Structure formats: C-alpha cells, structure tokens
Amino acid sequence: MASTVKPEPSNGKGKGRNKKNKNVDKSSPSPVFRPWVLVTAAALTLGTLSKWPTQQTTDYAVCSTSNNIYTVDAANPTVQCIVVRDTRIADVGQLADIKARWRQQTARPKFGFQLPWPLDLWQPSLKVSFVDPNSVILPGLADSHAHILHYGSAKLNVDLSGCTSKQESLERLANFVKSRTDILNDPSRWIQGIGWDQNLWSPPEYPHADDFDNDPFLRGRRIYLSRVDAHAAWVSNRALQLMGHLPGSVDGGEIIRDDSGKPTGILVDNAMFLVSLPSFSKEEISQYFDRTMRDALSVGLTSIHDAATELDAIEFYKEYAESQKLPLRLYLMGHVESDEYWGNQLPRLVNYGVGERLNLRSIKLVADGALGSSGAALLEPYTDNPSTNGLMLIQPKVLADIVHQFHADGWQVNIHCIGDHANHVVLDIFENVFSDENITNSRPRIEHAQIMTLDDLERVGRLGVIPSVQPTHATSDMWYAEQRLGPERIKGAYAYRTMIETSQTGVLPLGSDFPVEGINPLLGFYAAVTRLSVSGQSPHGSQGWYPNERLTRAQALKGMTLDAAYASFSESTLGSLTVGKQADFVVLDRDIMTISASEILEAKVLATVIDGEVAYGGL
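The rules we used
Residues take numbers from 1 onward in each chain, read along the sequence in its written order. Owing to the predicted nature of the model, reporting of local features is limited to residues with pLDDT of at least 70; listing and counting of side-chain atom pairs is limited to 80 or more, with chain, interface and lining totals taken over all residues. No hydrogens and no water enter the side-chain calculation; it runs on all heavy atoms of the structure. Candidates for patches are residues over 30% relative accessible area with no salt bridge; among them, like charges are joined within 9 Å and nonpolar side chains (Val, Leu, Ile, Met, Phe, Trp, Tyr) within 5 Å. Each accessible area value is a Shrake-Rupley result obtained with a 1.4 Å probe; residue values ignore everything except the protein chains displayed when judging cover. Put simply, a salt bridge is a Lys or Arg side-chain nitrogen that is within 4 Å of an Asp or Glu carboxyl oxygen. The charged-residue count follows a simple rule in which Lys and Arg add positive charge and Asp and Glu add negative charge, with His and chain termini not counted at all. To locate a charge, take NZ of a lysine, CZ of an arginine, CG of an aspartate or CD of a glutamate. Only DSSP runs of H or I with at least four residues qualify as helices, and only runs of E with at least two residues qualify as strands; both kinds are numbered from the N terminus onward. Only protein chains enter the accessibility calculation, which uses a 1.4 Å probe; a residue whose area is less than 20% of its type maximum is buried, one above 50% is exposed, and one in between is partly exposed. The pairing criterion for strands is at least two bridges between them, as found by DSSP. Sulfur atoms of two cysteines make up a disulfide when they are within 2.5 Å.

Turning our eyes to something else, we now look at a negative patch on the surface. The grouping of D251, E310, D312, E337, D339 and E340 at the surface amounts to a negative patch. Here E310 lies in the loop between β16 (301-309) and α8 (311-323).

What follows is the structure, given as structure tokens:
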C-alpha cells in the first residue's frame, strides 16, 4: 500500500493555480507570457538550481504501523519509518515527524516573486509505503564468514550435506553421475562434491576408497569428496593411483592408512593438497558465483565476507566490479596456499568498482584443522582418541613471521583457529604484534574461535581481537563435541555469550561458513538464541546446549549487522538503519525479535534492498 505526501508550498499557492483564471482575456497578452519574463525567469532558475534542495525521484519512505523497524541503533532502536534518498538513509522516525521535516527541507525556493507557469513545477512528493503490520524491517544481513564459489560448486555439483549414512552418500553420488551424460560418458572427468559427515552415520566411521568400486557407475572414476568442514577428503582408488607415490607423513596433515599401511582414501588437512585437482574455469566461476548470489539475496543477505578468496576469484570479482554492480557487497579475505609471504600478489581494493561494493583489505591464514575430522589442534590429547592432539597446519614461528609482515604492510589479518592450542598460539602472536598500538585500528580476527581455555576467553576480549563465530557450528557439533573434549575443556568451547561479556568492544560478528552450514542467516540467528537443533533438540534438552551461552535476540541481530560491519571497517556506512548510512535493509514476513523461537525459521524474506534498490522480492 502506498500514499503520496505533497508538502504545502511556502507561499500557500499550489500547482495548477492558473486554472482558477478561466476568464482571463486572452486577446491581450498576460505579462506572464511576455518573452522577457520567460528569459529572466529561466536565467534565474538555471543560476540558482545548485542551491536548491532538488526533488529526488528515488526518494521514498517505508513504514510500519506497528513500529517493527529495528535499526540496531542504540539511540533509536525501533522506528516507524525510514526514508531513502538515492542510495542512503535520509531520515528515520515517526511518520508525522518525517512529513514535517520533509516539508521544511523541500519547501519552494523564494525569489520575491511567483515563478510563472509552466516554470512553476516545484511540487516535490514523498512516496510512502507501509509493510504488513506483522512484517519486520531489519538492516541488511551480513554473513561474516562464508565461501562463495564453493557454495555454488556444491549446489551445481555433488552436495552430500544431510546424508545420514555412507550408503545414502554413495547413492546420491551415483544419481548425480547418471544425471550428467557429459560425466557419465567420460571417465577422465573429475567428480567433486562436499558435505559428507561420518559423525551422522552409524557407526560414525570414516569411509574407504573401495566403497566407490562397489557401484558400476562409480568404479574406476576420479572422485574427490570434501568432508562437510572441508578439512578432509574422501577420494577414490583411481584418484590415489594418479597421486603416485605417497609420502610416509605430511606436515600439518594425515594420510589415513589401514592396518597394513595402505591408504584408505581419507586425506586430512594438508594431505588434501597431494591431489592435483583442476582449477575452476572462468565459466564455472561465473556459474558458481551467480548461483550463490541468487540464493544469498533470497535469504536477505546484503553483504558477504568471503573467507579465503584465491587469486583467480579475486580477478573475477575485480573485472566484474569494473563493468557492473556486484549483486551485493563483498568483503574478500585474500588467500594463497603458501608458507611464504604472499601479500604482494594481492590488489588492495577499497570501495572498488561500480557501486563501490567490492573490498579487499584483509587476508586469511589457517592455523589448524577442524574438530569433526579430529584435526583441531588441542593443548591436550583428544578425550575420545588420546593418540592425537590434532594438527597445526603451519608452525608457530612461521605463522608469527607471516603475521608480522602482513600487519606491517597494512593488511587486516584473519586466522582460522578451532582448537585451544591454535587459539593460544595465535593470541600470543597478536599480543606480541599489537603490543605497542591500538589494536582496534587493525582489527585482527580469529575465524571460528571455537575452543579456548578460560584464560584465553578473557584474553581475546581484553586484547580487542575480534572472534568471528558461526552459531550453527555449535548446534552441529554439540552431539559429539563433549566426547572429543571432555567435561572440563568443553566449558571454553562455543562460548559466545562469554565472548561478548569479556570483550572491550562488545563485537561478535556472526557467520555461517556456508556451504559447511546452510546459507540462510536465520539458521544462525536461531542457533545463537536457542542453542538447539532445527528440530528443537539438544543434548541438554529443550533449554539448549549450555544455555548460559545463548545470545539475546538483540545481540544476535547486532552480530549479523553492525558487528559484521565493524569487522570489515564499514560501521560508519553499514550495519544499522541510521541517517547517512547506505540504504541496505530486509523485510521479513514476521517479527523474529518477538515471535516464539520455534517460529523463527519459518520467516520468509519479502524484500532485500541494497543501496535503496530492490534486489530481491518487492516493497
């Protein structure tokens, strides 16, 4: 529903005033139509246009009769309306107040005389739309840790997420091959996928390369399937043959072998790089990117932090941004697989391209593996497997040297850390690097920050290091995490509420790590505030897994908006519905801030708006 508000002209006379003069003697020219008057008026008009508050054709207001607009602005948390002018928020507040301010701002310029018709066209108007009273408007949602091209690849290739058995995974893979004649008829083609998780199977054991050879559609093919966390791979016997001689050990990785020493087809962390996979083609990159953008906009995402953007992808984004607007805002973390300094290979991009939607001012390093594949680096052995402490993928001294160099060259440093050992090492490095300066100027981040000692939970907040976390990791891992960590170590794991309470900034950006988890940000919102599975369950019952670490809904929303903006140096222009900021917002069909927790995941996106323009749905 929309209405039009037309402010009263400052002299009290409205458009069409000459219509009242129906009895004018047209045989005697009126002074209004004398040529010298027209010329003079036109000259005055052209000479003063730059000083006028001009009418903006894109100005509009979106309002909620129930005041269901959440601004994430502590000074003005809920409002009735927001006004968009061009690409920015021009006003917020109650509709009556906005109308009054609008009349003042767009009042007719005064010359000391009335402009003649047809030059008197100064009739600015403000289009006002009302959302349904049950709907809600939020700032544009951000995902602070995701993998753009890998999500698209998973959706367009083999997606094994959710498979509850090895057999189901194999059947899904075989059906994919049968559906693709180009692959079916060419056994030299690599088949790639992601998403299998042995922790969901019964028994929860790693699969084997021989499993593929039991199916005639899979036998003898080149198969590479990443585990759901992308820290282990399940490969076929044909892939193992192509790898040739395998080393006895891999620094920062593991080749799983059977009792006879034969590789089983499971490669963990750095051992995954022993496989020579073909790079994505430009066509594939474009297809994967388009799929991710489409899905992201449909769930209300207006900004994505791409966690490990490789050089070919950076070039694609750069070329795209130079010719057209990116569909949404991208904050890239550059990444090169090397233990040598590689910052000089990256272009530095700040508000780059058409629409200024591309940024590359950060880098991504990886310290350890993942808990699900027993690669997270722990200070003490795994409780359920005392033979291992997990894996550091890069030695601490090498990591420290690289971090020092990246910081010296002005890059934001973001480091993947899962285990308490990896987190401890990285906090030591950050504390040393930033000992003599204000750390908030550089804003280093720990990506995941899953398991910490209680002392390091206090230290990460005291130092001002940003923990970038994924709430759905907690609810995915809660079924086995305590078995791996034990009853004491688990107290410092997935401790999101504690991180906020001990932080000097109160900043906790939230993400999903898609395609590891689902792309819908409401999955993270729900997990953060409930600590429950999507079916409403947890090892600790309906109150959630370690419920004292639940976030409030306000904290979760801030983590997906303003905190994400802060973590990408954009809090002055993004993250809240505040005057002067970019007009990025989302309309949902229900109020996730007040409805029952069980209803949150039923919410649907009605509109995703970026720079004031509808990118998905409609207002």
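Of the two faces of strand β2 (residues 60-63), the one carrying Y60 and V62 and the one carrying A61 and C63 are both buried. Bridge analysis of β2 against strand β5 (residues 81-85) gives four bridges, and the strand direction is antiparallel. Residue pairing in the sheet places V62 in a bridge with I82 of β5. Relative to strand β7 (residues 126-130), β2 is paired through four bridges, and the arrangement is parallel. Note that in β7 the partner of A61 across the bridge is V128.

Summed over the entire model, instances satisfying the criterion amount to one disulfide. Sulfur-sulfur distance for the disulfide between C63 and C81 comes to 2.0 Å. Given an S-S torsion of about 115°, the disulfide between C63 and C81 has right-handed geometry. Of this pair, C63 sits in strand β2 while C81 sits in strand β5, and the two are 18 residues apart along the sequence. Taken individually, C63 and C81 each receive the classification buried, so the pair is uniform in this respect.

Residue P203 is bonded to the preceding S202 through a cis peptide linkage, with omega at 0°. Tracing the chain through its elements places P203 in the loop between β11 (190-196) and β12 (222-227). Put simply, F514 and P515 share a cis peptide bond, and its omega is 10°. Examined against the element boundaries, P515 turns out to sit in the loop between α14 (496-502) and α15 (521-530). A positive phi angle, near 50°, is found at Y494, a position not held by glycine.

Tallied over the entire structure, the rule returns 30 salt bridges. Between D159 and K155 there is a salt bridge; the shortest N-O distance is 3.2 Å. Judged by its relative accessible area of 35%, K155 is partly exposed. The partner of E447 in a salt bridge is R445, and the shortest N-O contact between them spans 2.8 Å. Summarising the burial analysis for this pair, E447 and R445 share the class buried. One continuous salt-bridge network, built from bridges that share partners, spans D428, E431, D456, E458, R459 and R462.

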